[in-house]
There are 2 protein chains.
Amino acid sequence: MTPRRRATLRDIAAALDLSVNTVSRALAGKDAVSEETRERVRREADRLGYVPNTMARSLVLQNAMTIGLVITNPSNPFYARLISAIEARGRVHGYSLMLMVTEDSVDNERRVAEELMRWGVDGVLAVPVQHGTEHWERLGKSGTPVVLLNRDLPGLDADLVGVDYRDSARRATELLVAAGARDLYLVEEDLDISPVAERVRGFRDVLAEHGLTVGDDHLIKVPTRRREASSQPWDPIDSYAIGRDLARRVGPGSAVLAGNDYFALGLYRAFGEHGLRIPGDVAVVGHGDHPFAAYLAPPLTTVRLPAAQVGATAVDRLLELMARPGARAERDVSGSPRQILLPAEVVVRASTPEVP
Amino acid sequence: MTPRRRATLRDIAAALDLSVNTVSRALAGKDAVSEETRERVRREADRLGYVPNTMARSLVLQNAMTIGLVITNPSNPFYARLISAIEARGRVHGYSLMLMVTEDSVDNERRVAEELMRWGVDGVLAVPVQHGTEHWERLGKSGTPVVLLNRDLPGLDADLVGVDYRDSARRATELLVAAGARDLYLVEEDLDISPVAERVRGFRDVLAEHGLTVGDDHLIKVPTRRREASSQPWDPIDSYAIGRDLARRVGPGSAVLAGNDYFALGLYRAFGEHGLRIPGDVAVVGHGDHPFAAYLAPPLTTVRLPAAQVGATAVDRLLELMARPGARAERDVSGSPRQILLPAEVVVRASTPEVP
DNA sequence: ATGAAAGCGCTAACAA
DNA sequence: TTGTTAGCGCTTTCAT
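Everything numeric in this text was worked out from a predicted model, so none of it was measured. (Residues numbered from 1 in each chain as written. Chains lettered and ligands numbered in written order. Predicted model: local features only at pLDDT ≥ 70, side-chain atom pairs only at ≥ 80, totals over all residues. Heavy atoms only, no water.)

Trainee: Lay out the protein's contact with DNA strand D with the relevant residues and their values.
Mentor: Surveying the vicinity of DNA strand D reveals 27 residues, the closest of which are A:Leu9, A:Ser24, A:Tyr50, B:Asn21 and B:Arg25. Within 4 Å of the protein, the contacting atoms of DNA strand D are drawn from sugar and phosphate to the extent of 67%. One nitrogen or oxygen atom from the main chain of A:Ala56 is found 3.4 Å from a base nitrogen belonging to DNA strand D. With respect to DNA strand D, the side chain of B:Arg25 contributes an N or O atom lying 3.1 Å from a base oxygen. At the level of secondary structure, the elements contributing two or more residues to the surface near DNA strand D comprise helix H1 (9-16), helix H2 (20-28) and helix H4 (54-61) of chain A together with helix H2 (20-28) and helix H4 (54-61) of chain B. (Near = heavy atom within 4 Å. Polar contact = N/O pair within 3.5 Å; in protein donor to acceptor, adjacent residues only side chain to side chain. Helix = DSSP H or I, 4+ residues; strand = E, 2+ residues; numbered from the N terminus.)

Below, the structure written as structure tokens:
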């Protein structure tokens, strides 16, 4: 009942009339201890409910056994899955997770980077807010490896583990073109962040290959609305307005590639209200393969993101950097940091016409 | 470039020919330091890029400035929002978050509880897996307050901050009855977890009041499928099969209350395929108000959960317990732990008939 | 096989 | 105002 003080090595040592040192070694499984002593120590530790103090241990060992995870918004389903994957992989290697949420604010990001330095985490995995690299640079210089997640941060010399969005957009666009689309649109949020920029490239690549190049009015930016903290990452309403405009422009042969499934959903509604048929009048492809995608009417063709693999790979890469500080030097001939982009898969459902 | 050792108080002291202690006080803003010295210390700290070592500080202060957050699955959108809210509120008070994911496994939960003890976190917020209370009891006994999130854990003497699901189910059911429903169904996942049990109670309360009591065949349990880690929490497919069965049983006057919006979505499809009209042939109410809910056809009537408030309240309650270990004693007359259940709001949309 | 001593980086008495 | 000493709980030399 009385929340008494945690038992320490000293308590065990005192009870057994041993030195703290011996107890430490006994519990740590080192050899220089007689089996008999070890047993006694174990039993006493048990009796006292001894739990090792990780902080004390970390202090002397100079390793925190902790990974800092910096996420812009856990309500983004892709990031939620990333969190799970990273936590799981981290734990396998004995690492705990210090989670920081930035809500896409650079100020927050600076604060959390500082906080992670104070904790002396062994490494950092971060979905970076765009703009502002100095805080990550400080971390890197202080010997804490940083691996970027999902988004690249131009100007920062750090590795990246993410999704090959250029390829995913390319494949989605190819699917659309193969299915007969000739008038293609891309609906995205912030054109500045790297995944979006990559998708734009992939989209354009394919159009160019087919001589379908489109004007900038076909690259539609969904206005970023400022939302309360802990809110949903996107809301279909953001793209709904876009969809209403688009509805007047499209017709058979039109297709739109949306940066995420929520956007696609907003388009669905706008198109539906305008009497347009999907995919007859306009084809739609999403991004993310959220659980609802397969259940829309019609079921949404979308891009499935390899969240689990990205998370696991990022942890592995981080552990590599932590183990061999020199590893950062093994960069490509270009001298740029290492980028590991995992392939995404297009899941063909009924919002795109069948490919002849 | 060379990841040199972090600067410490000692480095500053040496450079300035002061004692470590003085430097500490200068930086901590204590009074017993001349303004001039303080300035010099500040400057040198800056020059050296000094960052305080939180672990060392925590070790002597005997507080970790850390809250342990134990979540079953971050991909559950409600939990994702909880994470954001908790992180934000925690940071306001200077606390960092150690995040642990259990994937609803008791084994994992035991491991993470142990891990949190080792870290000596100041308090724990946990969505408990059902069954198994000893690890939480150990934490509590060792002086670390535990506050349960969302789910109650019978048999454990701990506070709970969650949602008043009994009330939300009651209000949703009342809406249905007022709209003319006479044949009501409840579709839920695991009837053992407390939120579900509460919803069952609320559902039954209202039916009883209206003399509409239904048999157990109206309480439908969606089979829990085992899924890979970092997967989605639910999948509409789980309820789709249920929906196909239900489709044969329902007709005008029928209504189903689903434990979450994904279930509702699965029902939508099954009903649609069977030629049933929502809400004409069967009304549907969901739970969670996920971003897609408003965009379904028809837009889904559902229950909006107060995630941000639950998170903030939980942190506040935890801080209270941390500050005054005696606070746990202030329980209701019943002698049971304190339960703070926040009200949820029914968002009426078009999947329920208009109330006359 | 065990113990003594030192130290990780910091703060908190207590002296000077 | 500043310095000295001690100690948080642990691990790691180095003796014994």
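Still to come is the rest of the account.
Trainee: Outline the protein's contact with DNA strand C, supporting the account with residue identities and numerical values.
Mentor: Around DNA strand C, 27 residues are found, and the nearest of them are A:Asn21, B:Leu9, B:Asn21, B:Ser24 and B:Tyr50. Within 4 Å of the protein, the contacting atoms of DNA strand C are drawn from sugar and phosphate to the extent of 66%. Separating a phosphate oxygen of DNA strand C from a side-chain N or O atom of A:Thr37 is a distance of 2.8 Å. Between DNA strand C and the protein, one listed contact pairs a phosphate oxygen with a side-chain N or O atom of B:Tyr50 at 2.5 Å. Those elements giving two or more residues to the surface near DNA strand C turn out to be H2 and H4 of chain A together with helix H1 (9-16), H2 and H4 of chain B. When residues of the surface near DNA strand C are assigned to their parent elements, the largest contribution, four residues, is made by H4(B).

Trainee: Give a description of the side chain of A:Ser254 that names residues and reports values.
Mentor: Residue and element names in this part refer to chain A. Along the polypeptide, Ser254 turns up in strand S8 (residues 254-258). The exposure class assigned to Ser254 is buried, which follows from its relative accessible area of 5%. One polar contact links Ser254 to Asp183, side chain to side chain, over a distance of 2.8 Å. Residues contacting Ser254, with those up to four places away along its chain left out, are Asp183, Asp281, Val282 and Ala283. (Buried < 20%, exposed > 50% of the residue type's maximum accessible area, 1.4 Å probe, protein only. Contact = heavy atoms within 4.5 Å.)

Trainee: Now, about the pairing of strand S4 (residues 146-149) of chain A: what can you tell me, with residues and values included?
Mentor: Consecutive residues of a regular strand have side chains that alternate between opposite faces of the sheet. Residue and element names in this part refer to chain A. Going residue by residue along S4, you find Val146 and Leu148 tucked away on one face and Val147 and Leu149 tucked away on the opposite face as well. Of the strand pairs in this sheet, strand S3 (residues 123-126) and S4 are connected by three bridges, and their pairing is parallel. Paired with Ala126 across the bridge in S4 is Leu148. In terms of strand pairing, S4 meets strand S5 (residues 159-163) through three bridges, oriented parallel. What sits directly across from Leu149, in S5, is Val161. (Pairing = 2+ DSSP bridges.)

Trainee: Please give an account of the relation of the copies chain A and chain B that cites residues and values.
Mentor: You can overlay chain A on chain B at an RMSD of 0.0 Å; the transform is a turn of 180 degrees with a shift of 0.0 Å along its axis. Those values place the two copies in the arrangement expected of a two-fold rotation axis. Residue A:Met98, judged by its C-alpha, is the member of chain A lying nearest the rotation axis, at 2.4 Å. Looking at the interface residues of chain A, 100% of them are also at the interface in chain B, so both copies use one shared face. (Least-squares fit on C-alpha atoms with pLDDT ≥ 70 in both.)

Trainee: Which residues make up the nonpolar core, and what values do they have?
Mentor: Within the largest apolar cluster, 108 residues are counted, with the highest numbers of intra-cluster contacts made by A:Leu125 and B:Leu125. If we skip the residues at most four places from it in the chain, B:Leu125 touches B:Ile67, B:Gly68, B:Leu69, B:Val70, B:Ile86, B:Val147, B:Leu149, B:Ala314, B:Val315 and B:Leu318. One finds A:Tyr185, A:Tyr262, A:Leu276 and B:Ile242 within the second-largest nonpolar core, a separate group that totals 60 residues. (Core = buried A, V, L, I, M, F, W, Y, C linked by side-chain atoms within 4.5 Å.)

Trainee: With reference to specific residues and values, describe the sheet that holds strand S7 (residues 219-221) of chain A.
Mentor: All names here are of chain A. As summarised here, the arrangement of the four strands in space is S7-S6-S8-S9, forming an open sheet in which the pairing is parallel. Edge positions in the sheet fall to S7 and strand S9 (282-285), since each of these pairs with one other strand and no more. Across the sheet, the axes of successive neighbouring strands diverge by a mean angle of 20 degrees, strand direction being ignored. In this sheet, S8 lies alongside strand S6 (residues 183-188) in parallel orientation, the contact comprising five bridges. (Axes fitted to C-alpha atoms, helices over the stretch in contact; angles between N-to-C directions.)

Trainee: I'd like a rundown of the interface of chain A and chain B, residues and numbers included.
Mentor: Contacts between chain A and chain B engage 62 residues on the former and 62 residues on the latter. When chain A packs against chain B, close to 5600 Å² is buried across both sides, 61% of that on carbon and sulfur atoms. In terms of surface lost to chain B, no three residues of chain A exceed A:Met55, A:Trp119 and A:Tyr295, which account for 14% of the buried area on that side. Seen at the junction of chain A and chain B, the total is zero salt bridges. The interface formed by chain A and chain B includes 16 residue pairs in polar contact (both at pLDDT 80 or more). Contributions of two or more residues to the side of chain A that touches chain B are made by H4, helix H5 (77-92), strand S2 (96-101), helix H6 (106-119), helix H7 (134-141), helix H10 (236-249) and helix H11 (261-273) of chain A. Within the side of chain A that touches chain B, the residues separate by chemical class into 33 nonpolar, 16 polar and 13 charged. Here S2(A) pairs with strand S2 (residues 96-101) of chain B via three bridges, running antiparallel. Residue A:Met98 lies in a different strand from S2(B), and its bridge partner there is B:Met98. (Buried area = accessible area lost by both parts, 1.4 Å probe. Salt bridge = Lys/Arg side-chain N within 4 Å of Asp/Glu carboxyl O. Nonpolar A, V, L, I, M, F, W, Y, C, P; charged D, E, K, R; others polar.)

Trainee: Any details on the pattern of salt bridges? Residues and values, ideally.
Mentor: In the structure shown here, the tally under the stated rule is 52 salt bridges over all chains. For the salt bridge of A:Arg5 with A:Asp11, the shortest nitrogen-to-oxygen distance reads 3.3 Å. Using a relative accessible area of 56% as the deciding quantity, one classes A:Arg5 as exposed. Across the pair B:Arg199 and B:Glu188 runs a salt bridge, and its minimum N-O distance is 2.6 Å. Within this pair, whereas B:Arg199 is found in helix H9 (residues 194-209), its partner B:Glu188 is found in strand S6 (residues 183-188), the two being separated by eleven residues in sequence. For B:Arg199, a relative accessible area of 7% translates into the label buried. One network of salt bridges, in which partners are shared, links A:Asp289, A:Arg304, A:Glu345 and A:Arg349.

Trainee: Before we move on, could you go through the environment of A:Met65 and cite the residues and values that matter?
Mentor: In this fold, A:Met65 is placed in the loop between H4 and strand S1 (66-71). Considering only alpha carbons, one finds A:Met65 and A:Tyr95, 30 residues apart in sequence, at a separation of 5.0 Å. If we ignore the near neighbours within four places in the chain, the residues touching A:Met65 are A:His93, A:Gly94, A:Tyr95, A:Ser96, A:Asp122 and B:Trp119.

Trainee: Account for the domain arrangement of chain A, naming residues and giving values.
Mentor: Often, the extent of an interface is quoted as the loss of accessible area on bringing the components together. Residues and elements named next belong to chain A. Domain parsing of chain A yields domain 1 (9-52), domain 2 (61-163 + 308-343) and domain 3 (165-307). When each unit is reduced to the centre of its C-alpha atoms, the spacing between domain 2 and domain 3 is 29 Å. Each partner contributes residues to the interface: domain 2 has 20 residues there, and domain 3 has 16 residues. Together, the buried faces of domain 2 and domain 3 total about 1600 Å²; carbon and sulfur atoms form 56% of this surface. The interface formed by domain 2 and domain 3 holds zero salt bridges in total. Where domain 2 meets domain 3, there are nine residue pairs in polar contact (both at pLDDT 80 or more). Those elements giving two or more residues to the side of domain 2 that touches domain 3 turn out to be H5 and helix H12 (307-323). (Domains from an automatic or database assignment.)

Trainee: How would you summarise helix H8 (residues 165-178) of chain B if you had to cite specific residues and measurements?
Mentor: Residue and element names in this part refer to chain B. Taking 1.5 Å per residue, 14 residues should reach 20 Å; H8 reaches 19 Å between its end C-alpha atoms and fits that length. Every buried residue of H8 is accounted for by Tyr165, Asp167, Ser168, Ala169, Ala172, Thr173, Leu175, Leu176 and Val177. Immediately downstream of H8, the backbone of Gly180 shows phi near 105 degrees, a positive value. (Expected span 1.5 Å × (residues − 1).)

Trainee: Before we move on, can you summarise the packing of H1(B) against H2(B) with the specific residues and values?
Mentor: Two quantities define a packed helix pair, namely the angle between the helix axes and the distance between the axes. Residue and element names in this part refer to chain B. For the pair H1 and H2, interaxial distance at closest approach is 8 Å and the crossing angle is 110 degrees. Considering their axes alone, H1 and H2 lie roughly perpendicular with respect to each other. Contacts from Leu9, Arg10, Ile12 and Ala13 of H1 reach H2 at Val20, Val23, Ser24 and Leu27. Per-class residue counts for the contact of H1 with H2 are six nonpolar, one polar and one charged. (Parallel < 35°, antiparallel > 145°, perpendicular 65-115°, else oblique.)

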